[in-house]
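# Overview (structure and organization)
What follows is the residue order along each chain.
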Amino acid sequence: REGGTDSLFYCVDGESPPDLSLNNDPAIMLAMSPAEVLEACLGEDEDGNTSLPLQRLNAALSWIEACLGRNFDEKIANEYKNSNDPILPPPGRRTMWPATVEAMKRKGQTSRGKIHLDAPLQHIFGDRSTSPVNVSSFLESEDEANDARLLRACFMLFQAGRIDEALKLVSDCGQAWRAASWIGGEPLSSDGSGNPTRSLWKKQCREISKQMARVTQVGNSPQTNTRSLHSSIAYEAAILCLLSDDVHNALNNPVFQTWESGVHAVLHAERGIIVDEVLKAHNNTRIEAAEESQTHFPYVGTEFDAFDNNETAPEGCDGDLGAALEQLDSSPLDEIREGSGDPFRNGMSSFLVGQNAVQEYIEECAALSIAAQNEDEACFLRFIAHLVIYIDSVLPDFSSQLSLPQDVGSDGNDDSLCELLVLKYISYLSTRRDLWSHVALYCSLLSVDNILETYSSFLINIHSDQERKMTLQQARDFFPEGLDCCILRNVVREMIISDIPWQHAPGEEGAPAGVNSADARKMRSIHWLCYYPEHWPDALVCSNLLLRIFLLTEGVGTEPSDSNLLACKILCDKMLPDDLADVAVMQCEQNDGKVPMSISLPMAQNLRKEYISIEMFLNAHTMYAQFLDVIANTSPSHSSKSKIAGGTQNEFEKGIADKMERNAFRQKKSGLCKIIAKAATRASDALMEVISFSGGWLIDENVSLSEEDTEEAQSRSHEMNAIRSTFLPKVVFMLYEVLDKTASWLEQVVYDTLIQFGSGSEDMLLALFSTFDESDRSNDDDVTMDVLTTSLAAPGFWHSKALSLASVIGNDANMINQVLGSDMERFQTSIAESHVKLGRCSNRDSLFDR
């Protein structure tokens, strides 16, 4: 029914038609044949135009015939698919009533198998009793069923306007006489074709259909369980009702089983009555002219089309389809009468009636659909939304007049009725994952502001990578250029900032180990901006925003087990493109000033510096954590095997063994020192990069005044200052801790060697230090003295680096003094301790003194 309504929209519009008028006056066409008069009066004029009421009637009739034709074709397509009630009679049947003729032969009731064509009707109409009479009492049941199917198929073809197919069908089934009896409605033409006594034929059809009424209203119970099959007389009566424009008897015939069948009977009769009126007017004028002139009457026989004052002749509504359709309400058949209450059929009727009916219908249905909260009403919501969309496209002026009733509030919304319905329908589509692919298309029908708001709200609930790509591509295809980027800005920012309770969504990946699900969803939201390079500047903006949120929310500890920064590290290392910052700046260079609302190049460069600063800190923290793990699991002490084993060797053997053990011990210490030095160097260099970052770590560089004045820019600057003030002092002490712990660990190496080898250990240690000294020296004394502070294996080297932090902190270019605050005293104390330790470790006597 909904599809039938859609077809109707292409046939008629909602404009109220004027009164019926003809293109020409039939009274002035005395010399023309009836067929030529009909073409001149009801066809197109010289400009190709037709009277609007006739256009509407013809369009409506074409629509209903197309609907009924599709119904017939669908049933034919399913003809032999588990159906015990086929539409057509058996294939290859070429004789009429074979079973009845054979039965009569056996009983001796007919000669040589002949039977009168009207025998079934004579049998019925000859019975004057008032009791029900069934045609099957004359025909054998097999013949009656086949006749019923044949006439039912012909009736359905008549309803579909496919009369030639119906005539061929009965002829192919051995009943060509029926085909001849059904073509009497053709008007007489100048070449002699057509029926000169058309009016008499039509009148006789009406009389026969009335007599058949007694039969069609009884004895018509279904003969199968799958489809109602009435008597053959009922279908024949229905065909005669259509041919004679007999609406009254049609609406009393149970063969007309649906509202659509009733509508077709009404529209077909309305068209036929108009044709009759034209022919009557034409023939009346010709008769009067012939009587006045005493001349021969042209086209003999057609005079019977005139002066027909029979009170039983059907009367039309002069093209007023609303008045014509009111006849359906008086039908005794529930299927026809109650069908008028169906909302879809009401829509069909309103379009047939005119503009006022359409407006009233649409506004009432729209109010119900918008107020409905039940998804079961989605079918009707879809229908009314598409109806208004169609009207908005073909009748924009009329669509602008549509509005919700005053008692139905729209929350102060000034959107048109079309937008309100589309918004409601999009809301429904958003709840159906299998329909998400349609959301962008319907959003494209909205205003730009509504597209931004509606599609942004929709995308927030999409968490599958495949669906993200699909919905984004559709936004780029359907929306104005650049609008997809604006939408994604809204989506990603909302997902990052909002604190909506997390619930697992279909298609959403699990959270990485150590990251809660809500944070993982925020991290993946940036993927929206990573599919197309032109979105990468905004991806950089949102990445920095999320990193700042994580840093300000979680904080950072100095323990190796600290996992507060895990989300930040996973975001940078695994979820974002490696070249995000560089590509973002390159895109801004290409689009600088060319794309509306794009990020300026200075701002992009500032954002890249921010991202690099945070990434550098995260890398330094990773190096720091790895250093703590290495130093915690690497002991500076180990026992000499010879010292443990002892033995009975002589002095020479002991000397050789002692020398070998010293070398082995030194190599063992060298390997351990290499592990610690490597971890300490990596950690200290990474932390030093943060402290000595060019221009100051996480310093917001000057941007254009317009960007500085925005609330977002000010908020960003404050957040960066807060992160800098919180984390930079910790980085300073993390670096000092690395240097001091490394030096202390190396001192334990010195003490362990001295304890196990005594006075001979000094040379061992100097040799060990020399292997880690990368300076180029030639004087042995200088080597002995300087290696204590230049070798990576010497504790003095690391105390020296710790002491040098004072100059780094004091350098105004690094802008660290201002963030240390109350921690400055603690830092100064640590530096003083490092000075004392350096003095002890840089002196040969004090270092090797047990």
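Everything numeric in this text was worked out from a predicted model, so none of it was measured.

## Some points on the environment of F458
Relative to the helices and strands, F458 is located in helix α21 (residues 448–459). With a relative accessible area of 4%, F458 lands in the buried category. For the pair formed by F458 and T471, sequence separation is 13 residues and the distance between their alpha carbons is 9.7 Å.

## Some thoughts on the packing of aromatic side chains
Per the stated rule, a full pass over the model turns up 12 aromatic pairs. When the ring of F617 is compared with that of F727, the centres are 5.6 Å apart and the planes differ by 5°; the resulting orientation is stacked. Highlighted residues: F617 in helix α28 (residues 601–632) and F727 in helix α32 (residues 711–757), separated in sequence by 110 residues. The same class applies to F617 and to F727, which are both buried. On the basis of an interplanar angle of 80° and a centroid distance of 6.4 Å, the ring pair of F733 and F827 is categorised as edge-to-face. Separated by 94 residues along the polypeptide, F733 in helix α32 and F827 in helix α37 (residues 823–841) bring together distant segments of the chain. Just as F733 is buried, F827 falls in that class too. An aromatic cluster is defined as three or more aromatic residues linked by ring pairs; in this entry it consists of W436, Y455, F458 and F479. A cation over a ring is seen here: R476 above Y532, with NZ or CZ 3.7 Å from the ring centre. Stacked on the ring of F733, the Lys or Arg R826 has its end atom at 3.8 Å from the ring centre.

## Some words on the nonpolar core
Formed by 159 residues in total, the largest nonpolar core has its most connected members in Y455 and F769. Ranked by residue count, the leading element in this core is α32, at 18 residues. Once residues lying within four places of it in the same chain are set aside, the contact partners of Y455 are V439, A440, C443, N450, T471, Q474, A475, F479 and I487. Membership of the second largest hydrophobic core comes to 69 residues, among which are M29, Y235, L243 and V275.

## Details of the pattern of salt bridges
For the structure shown, the criterion picks out 29 salt bridges. With a shortest N-O distance of 2.6 Å, R433 and E467 are connected by a salt bridge. With R433 in the loop between α19 (417–430) and α20 (439–443) and E467 in helix α22 (residues 465–478), this pair connects stretches of sequence that are 34 residues apart. Salt bridges here are not isolated pairs; linked through shared partners, they connect R548, E610, D700, R716 and E719.

## Some details on the packing of helix α6 (residues 141–159) against helix α10 (residues 232–243)
At a minimum axis distance of 8 Å, the contact between α6 and α10 shows a crossing angle of 25°. Judged by the angle between their axes, α6 and α10 are roughly parallel. Judged by the sense of rotation from one axis to the other, the crossing of α6 with α10 is left-handed. Contact residues: α6 offers E144, D147, A148, L151, R152, C154, F155, F158 and Q159, while α10 offers S232, Y235, E236, A238, I239, L242 and L243. Looking at side-chain class alone, the contact of α6 with α10 contains 10 nonpolar, 2 polar and 4 charged residues.

## Focus on the confidence of the model for the chain
In regions of low pLDDT, the predicted coordinates are not meant to be interpreted in detail. Per-residue confidence for the chain gives a mean pLDDT of 80, with 79% of residues at or over 70. Predicted confidence for residues 128–136 stays below pLDDT 50, and this span has 15 contacts to residues more than four positions away or in other chains.

## With respect to the side chain of E65
Mapped onto the fold, E65 is located in helix α3 (residues 52–77). One buried charged residue, E65, forms no salt bridge at all, with the nearest opposite charge on R271 at 9.1 Å. Look past the residues within four positions of E65 in its chain and what remains in contact with it is Q159, A160, G161 and H264.

## As for the environment of T771
Inspection of the secondary structure puts T771 in helix α33 (residues 761–771). When the C-alpha positions of T771 and S791 are compared, they lie 7.9 Å apart, and in sequence the two are 20 residues distant. Not counting residues within four places of it along the chain, the set of residues in contact with T771 comprises R666 and S670.

## Looking at helix α17 (residues 378–394)
If you check α17, its first and last C-alpha atoms are 24 Å apart, about what 17 residues at 1.5 Å a residue would give, namely 24 Å. Of all the positions in α17, only A378, F380, L381, F383, I384, A385, L387, V388, I389, Y390 and I391 are classed as buried.

## Structural notes on helix α23 (residues 483–497)
The terminal C-alpha atoms of α23, which comprises 15 residues, lie 21 Å apart, in line with the 21 Å expected from a rise of 1.5 Å per residue. Of all 15 residues that make up α23, 11 are buried, and the element is covered over most of its length. Among the residues of α23, L483, D484, C485, C486, I487, L488, R489, V491, V492, M495 and I496 are the ones counted as buried.

## Quick word on the packing of α21 against α23
The geometry of α21 relative to α23 is characterised by a closest axis approach of 9 Å and an angle of 50° between their N-to-C directions. As summarised for this structure, α21 and α23 are arranged oblique, according to the angle between their axes. For α21 against α23, the interelement crossing comes out right-handed. In contact with V448, I451, L452, Y455, S456 and L459 of α21, α23 contributes L483, C486, I487, L488, N490 and V491. Of the residues contributing to the contact of α21 with α23, the split by class is 10 nonpolar, 2 polar and no charged.

About the cut-offs
- Residues numbered from 1 in each chain as written.
- Predicted model: local features only at pLDDT ≥ 70, side-chain atom pairs only at ≥ 80, totals over all residues.
- Heavy atoms only, no water.
- Helix = DSSP H or I, 4+ residues; strand = E, 2+ residues; numbered from the N terminus.
- Buried < 20%, exposed > 50% of the residue type's maximum accessible area, 1.4 Å probe, protein only.
- Phe/Tyr/Trp six-rings, centres within 6.5 Å; stacked < 30°, edge-to-face > 60°.
- Lys NZ or Arg CZ within 6 Å of the ring centre and 35° of its normal.
- Core = buried A, V, L, I, M, F, W, Y, C linked by side-chain atoms within 4.5 Å.
- Contact = heavy atoms within 4.5 Å.
- Salt bridge = Lys/Arg side-chain N within 4 Å of Asp/Glu carboxyl O.
- Axes fitted to C-alpha atoms, helices over the stretch in contact; angles between N-to-C directions.
- Parallel < 35°, antiparallel > 145°, perpendicular 65-115°, else oblique.
- Left-handed = near helix turned anticlockwise from the far one by under 90°.
- Nonpolar A, V, L, I, M, F, W, Y, C, P; charged D, E, K, R; others polar.
- pLDDT = per-residue confidence, 0-100.
- Lys, Arg positive; Asp, Glu negative; His and termini not counted.
- Expected span 1.5 Å × (residues − 1).

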